[in-house]
Amino acid sequence: MADIKELQLVLAGFGGQGVLFAGKVIAYAALLEGREVSWLPSYGPEMRGGTANCSVTLSDEPIGSPLVTAPNALVAMNQPSFDKFIGTVRPGGVAVADSTMVPEVTAPEGVGACAVPATALAEEAGLKGLANIVLVGKLWALTGFCDRATLDAAIEASVPPRKAALIEKNKQAIALGIEA
Amino acid sequence: MAPANDKVLMKGNEALAEAAMRAGCRFFFGYPITPQTELAAYMAKHMPGRGGTYLQAESEVAAINMVYGASAAGARVMTSSSSPGISLKTEGISYMAGADLPGVIINVQRGGPGLGGIQPSQSDYWQATRALGHGDFQVVVLAPSTVQEMADLAYEAFDLADKYRTPVMILADGMLGQMMEPVVLPDERSLDSLPEKPWATVGHGHKRAHNVVNSLYLTAEELERLNIERYERYAAIERDEQRAESYLTDDADIVLVAFGGAARIARSAVNLARAEGIKAGLIRPVTLWPFPADAIEPVAERGARFLTVEMNMGQMVDDVRLAVNGRAPVAFYGRTGGVIPSPEEVLDQIRALDAEGGDAA
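Residues numbered from 1 in each chain as written. Chains lettered and ligands numbered in written order. Predicted model: local features only at pLDDT ≥ 70, side-chain atom pairs only at ≥ 80, totals over all residues. Heavy atoms only, no water.

1. Regarding the overall build of chain A
Counting its regular elements, chain A contains six helices and six strands. Here the C-alpha radius of gyration of chain A, 15 Å, is about what a compact globule of 180 residues would show, namely 16 Å. Expressed along its principal axes, the backbone C-alpha trace of chain A runs to roughly 40 × 35 × 35 Å. Expressed as a percentage of the 180 residues in chain A, the buried residues total 56%. (Helix = DSSP H or I, 4+ residues; strand = E, 2+ residues; numbered from the N terminus. Rg over C-alpha atoms; globule rule 2.2 N^0.38 Å. Buried < 20%, exposed > 50% of the residue type's maximum accessible area, 1.4 Å probe, protein only.)

2. Structural notes on the packing of helix α5 (residues 148–158) of chain A against helix α6 (residues 167–179) of chain A
Residue and element names in this part refer to chain A. Between α5 and α6, the least distance of the axes is 9 Å, while the angle of their chain directions is 145°. In this structure, α5 meets α6 at a crossing whose hand is right-handed. Between α5 and α6, the contacting residues are Arg148, Leu151, Asp152, Ile155 and Glu156 on the first element and Ile167, Asn170, Lys171, Ile174, Ala175 and Ile178 on the second. Classifying every residue of the contact of α5 with α6 by side-chain character gives six nonpolar, one polar and four charged. (Axes fitted to C-alpha atoms, helices over the stretch in contact; angles between N-to-C directions. Left-handed = near helix turned anticlockwise from the far one by under 90°. Contact = heavy atoms within 4.5 Å. Nonpolar A, V, L, I, M, F, W, Y, C, P; charged D, E, K, R; others polar.)

3. Focus on the nonpolar core
Residue and element names in this part refer to chain B. Within the largest apolar cluster, 118 residues are counted, with the highest numbers of intra-cluster contacts made by Met43, Met78, Leu256, Phe306 and Ile350. Counting residues domain by domain, this core receives three or more from each of domain 1 (4–240) and domain 2 (244–360). Contacts of Met78, omitting those with residues within four sequence positions, involve Leu16, Ala20, Cys25, Phe27, Phe28, Phe29, Leu39, Met43, Val67, Val104, Ile106 and Phe158. (Core = buried A, V, L, I, M, F, W, Y, C linked by side-chain atoms within 4.5 Å. Domains from an automatic or database assignment.)

4. Let's talk about the layout of surface pockets
A volume near 1100 Å³ is recorded for the largest pocket. Every residue lining the largest pocket is counted, 36 residues in all, and those nearest its centre are Phe21(A), Lys24(A), Ser158(A), Pro160(A) and Arg162(A). Elements that contribute at least two residues to the lining of the largest pocket include exactly α1 (19–32), α3 (118–124) and α4 (131–143) of chain A together with β1 (8–11) and α2 (37–46) of chain B. Space inside the second largest pocket adds up to approximately 470 Å³. Taken together, 19 residues form the lining of the second largest pocket, with Gln8(A), Gly64(A), Ser65(A), Ser268(B) and Pro343(B) sitting closest to its centre. Counting residues per element, the lining of the second largest pocket draws most heavily on helix α9 (residues 260–275) of chain B, at three residues. Broken down by class, the residue content of the lining of the second largest pocket amounts to seven nonpolar, eight polar and four charged. (1 Å grid on protein atoms, 1.4 Å probe; cavity = no way out; pocket = protein on both sides within 12 Å on 5 of 7 lines; lining within 4 Å. Points joined across faces, edges and corners; volume = space filled by probe spheres on them.)

5. Here we look at the sheet that holds strand β12 (residues 287–289) of chain B
Strands in a sheet are paired, the pairing made by backbone hydrogen bonds, and the direction either parallel or antiparallel. Residue and element names in this part refer to chain B. Within the open sheet, the seven strands sit side by side as β3-β2-β4-β5-β7-β6-β12. Their pairing is mixed. Edge positions in the open sheet fall to β3 (53–56) and β12, since each of these has one partner strand only. Neighbour-to-neighbour, the strand axes of this sheet turn through a mean angle of 20°, independent of strand direction. Looking at chain direction, strand β6 (residues 140–142) and β12 are connected through two bridges and run antiparallel. Each residue of the ladder has a partner; that of Val141, found in β12, is Trp289. (Pairing = 2+ DSSP bridges.)

6. With respect to the packing of aromatic side chains
Following the criterion strictly, the structure yields five aromatic pairs over all chains and no others. For the ring pair Tyr231(B) and Tyr234(B), a centre distance of 4.8 Å and an interplane angle of 70° mean the geometry is edge-to-face. Taken together, the residues span about one helical turn, with Tyr231(B) and Tyr234(B) both in helix α8 (residues 220–240) at a distance of three residues. Relative accessible area serves as the criterion here: at 35%, Tyr231(B) is assigned to the partly exposed category. When its relative accessible area of 4% is taken as the criterion, Tyr234(B) is described as buried. The structure contains a cluster of three or more aromatic residues connected by ring pairs, namely Tyr231(B), Tyr234(B) and Trp289(B). Looking at Arg148(A), its charged tip hangs above the ring of Trp140(A), at a distance of 6.0 Å from the centre. When the ring centre of Tyr247(B) is taken as reference, the NZ or CZ atom of Arg267(B) above it lies at 3.9 Å. (Phe/Tyr/Trp six-rings, centres within 6.5 Å; stacked < 30°, edge-to-face > 60°. Lys NZ or Arg CZ within 6 Å of the ring centre and 35° of its normal.)

7. Focus: the side chain of Asn72(A)
All names here are of chain A. Along the chain, the position of Asn72 falls in the loop between β3 (51–59) and β4 (73–76). Assessed through its relative accessible area of 8%, Asn72 is described here as buried. A polar contact of 2.8 Å, which involves the side chain of Asn72, links it to the backbone nitrogen of Gln8. Asn72 has contacts with Ile4, Glu6, Leu7, Gln8, Val89, Arg90, Gly93 and Val94, leaving out every residue within four places of it along the chain. (Polar contact = N/O pair within 3.5 Å; in protein donor to acceptor, adjacent residues only side chain to side chain.)

8. A short note on the sheet that holds strand β11 (residues 280–285) of chain B
All names here are of chain B. Ordered by their spatial adjacency, five strands build an open sheet running β9-β11-β10-β13-β14, and the pairing between neighbours is mixed. This sheet does not close on itself; its edge strands, each paired only once, are β9 (244–247) and β14 (330–334). Between one strand axis and the next, the sheet turns through 20° on average, direction left out of account. Two strands pair when backbone bridges link them, and strand β10 (residues 254–257) and strand β13 (residues 305–310) are joined in this way by four bridges, in the parallel orientation. Within the sheet, the bridge partner assigned to Val257 lies in β13 and is Thr308. The strands that helix α11 (residues 316–324) touches are β10, β11, β13 and β14; relative to β13, the one it contacts most, it runs at about 160°.

Shown next, in the form of structure tokens:
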């Protein structure tokens, strides 16, 4: 496992796959541990059925630019997003791809690429729609960006009260991703 | 597990709206536009619970005139928009300045001119600091650079507006509005603790002469006298309210000047330059008007070179040059149209300046 606590992360996929929410869970983990964090979404018409992405930075120092242009971690949920961002990942970084949606996972030298069939795994486990959280689990397993217990607490903090019934399923998705 | 220090994770737009209500803002009038919409939406959701009024007006022009009315009646009142919408509000802002009415106006800037785009920009600097409407006037312009400052400066803006009886603008951008960061929200102010407004047009049961709120003066000498009085107030603001943050400037050979979202990128670039042994620093104006010339002058005096970084074609650089007043070279780097510069491209500019400096020495 690469140990990446100073996470400079890009999450990207189709609008509706939950990349913004996945980023929010990771941001909450840093908030709960009292660290610096920024979360910056793409916004605009491209979000309607097109691609969506967000930049998340976790740090122990004050954060300058919240726009991550040279990430040390990438989570990609479709092929166009993977192809768009994989070249920006710095050597020593990691890339996690949902291989159900990203058939071609090739990474440059020095970047650890990890293909997880997150959409298929989630559906088999009765967690349809939680591929994004499966990938958060996998990212955690690869980087250790927070304490394990914080991850579950971050789920509790980021799921809105009206969807509280989904907290347990989200935690299962985290565990599924960690084991994948 | 609870977050440390009562911090919450909020979007800049939402933190600003919450802080405004905590500062005693009970009236919000606006019209939707990206990228400030979450601000108005947050107001719509939370204002009624505080007994306040949220109203989506039929246009930006209507909204700013409602702000004029609520302010004349003594209320703490706010409107928000993004660049094209602010242009529509400028007539009303000029009327507010002419009637000495406090009020807080938020501009979450996007690319222009015209309808432009919806991505972050700083291309309304000149509009905010030079001509937010017709006539002889200024407004106080505050430039937050973090979500925390979106909250803190919104909270303070109401006090500044009341103290000097002037509109105050918060000049943010789409990046600051849309991003989330941890924020500690300010305390909720009791409405009883807000400053008295003896000039407000409120009912008094014939106990005093009636107050007039007006910006029409047909006698030239009277209008001149009022404008001169207002500029005496502006002189006090320029003397007492300049604010800037200096980062690693003490020994810096190259001093970046950047505000708002661009200042975050400049700060990253300064850190990259320092890691290469280049003595770079950053002055970040927090007040754009009054421009913090007092923070620039001593640095210019000792011969540091300046690099202004903006998300526009070069606007604040004029104020930097005025403050430097020929004592040091001032370079500019910017991206426009909604493009956010990367720290690496700003670093390239610092390297180039550093190389020039080496040649000169």
